[in-house]
Amino acid sequence: MRIQRVPDIPHDELVIVVRKPGREPVVLLNARLVTEAQAAQFGRRIANGLDGSGGHGV
């Protein structure tokens, strides 16, 4: 899963997940609402939840 901050998400949307057949999901975070530090924390939480190491989701 790839996580990316983008500036052109509609103003009221915080997160959009894009899924295409045969490709990994991409999580788009609204750069106007999410700082780089928050995006990194989000990525760590997702990774911990996906690798079975005890993450509790987002």
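What comes next is a walk through the structure. (Residues numbered from 1 in each chain as written. Predicted model: local features only at pLDDT ≥ 70, side-chain atom pairs only at ≥ 80, totals over all residues. Heavy atoms only, no water.)

1. Some details on the environment of V15
Right, so step 1: Note that V15 resides in strand β2 (residues 15–18).
Right, so step 2: Considering only alpha carbons, one finds V15 and V34, 19 residues apart in sequence, at a separation of 9.3 Å. (Helix = DSSP H or I, 4+ residues; strand = E, 2+ residues; numbered from the N terminus.)

2. Let's talk about the sheet that holds strand β3 (residues 26–30)
Right, so step 1: Judged by pairing direction, the sheet is mixed, and its 3 strands sit side by side in the order β1-β3-β2 without closing on themselves. Edge positions in the open sheet fall to β1 (2–6) and β2, since each of these has one partner strand only. Adjacent strand axes in the sheet meet at a mean angle of 25° when their direction is disregarded.
Right, so step 2: Direction of pairing for β1 relative to β3: parallel, over a ladder of 5 bridges. Within the sheet, the bridge partner assigned to R2 lies in β3 and is V26. (Pairing = 2+ DSSP bridges. Axes fitted to C-alpha atoms, helices over the stretch in contact; angles between N-to-C directions.)

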